[in-house]
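Tertiary structure, described
Listed below, chain by chain, are the residues.
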Amino acid sequence: TLTIDSNGKIICGNKPKTDAGYRNVPIHSKFIKELKEQIKFVKANRLNLLFPNNKNGYIDAKKVNAKLVSILNDLGINGISTHSLRYTFATRCAESGMSDIVLKELMWHYDIELTKNVYIDEQDKLEQEEINKGKIS
């Protein structure tokens, strides 16, 4: 788990702060081969990181998001961030009929109400928009 110390430096802990930090991340079978290739590099860097930065250190999530935004802006695509990709993923899962419980786990939410309020309510709004398109009264 990466955290920031009192000096603003990113540090890596041996375990997450809470049990909620232990997460199972489902991976599509198409990516298993690439992930196995990447695992070969773990022992090649001094911190045994799966995805080290170029200096063999930690990747700052803010920098990843900034790079994504920069690339997309260069392509003329604005308003997208790593968080919006997360939101879109969850919304599409809800649209496809995924159960609230499964979506809660995938989003790593502690409370199902958060999942329902943020993502399932979005599904309800989309359903209402579709009904309104058909001018059903």
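Residues numbered from 1 in each chain as written. Predicted model: local features only at pLDDT ≥ 70, side-chain atom pairs only at ≥ 80, totals over all residues. Heavy atoms only, no water.

Looking only at helices and strands, one finds 5 helices and 2 strands in the chain. In sequence order, the chain lays out its α and β elements as β-β-α-α-α-α-α. Here the chain has a C-alpha radius of gyration of 19 Å; the compact-globule value for 137 residues is 14 Å, and the former is much larger. For the C-alpha atoms alone, the extent of the chain along its principal axes is close to 65 × 40 × 40 Å. Across the 137 residues that make up the chain, the buried fraction comes to 15%. Looking at the chain as shown, the accessible area adds up to about 11000 Å², and 56% of this sits on carbon and sulfur atoms. (Helix = DSSP H or I, 4+ residues; strand = E, 2+ residues; numbered from the N terminus. Rg over C-alpha atoms; globule rule 2.2 N^0.38 Å. Buried < 20%, exposed > 50% of the residue type's maximum accessible area, 1.4 Å probe, protein only. Areas by Shrake-Rupley, 256 points an atom, 1.4 Å probe, with all protein chains shown as cover.)

Moving on, we get to the nonpolar core. Ranked by size, the top nonpolar core spans 5 residues in total: Ala-90, Cys-93, Ala-94, Leu-103 and Met-107. Within the residue set of this core, elements represented by two or more residues are helix H3 (82-95) and helix H4 (100-107). Top contributing element to this core by residue count: H3, with 3 residues. (Core = buried A, V, L, I, M, F, W, Y, C linked by side-chain atoms within 4.5 Å.)

Over its 14 residues, H3 runs 20 Å from end to end, which matches the ideal 20 Å to within 8%, given 1.5 Å per residue. Listed as buried for H3 are Ser-84, Ala-90, Thr-91, Cys-93 and Ala-94. Following H3 by one or two positions, Gly-97 adopts a phi angle in the positive range, close to 95°. (Expected span 1.5 Å × (residues − 1).)

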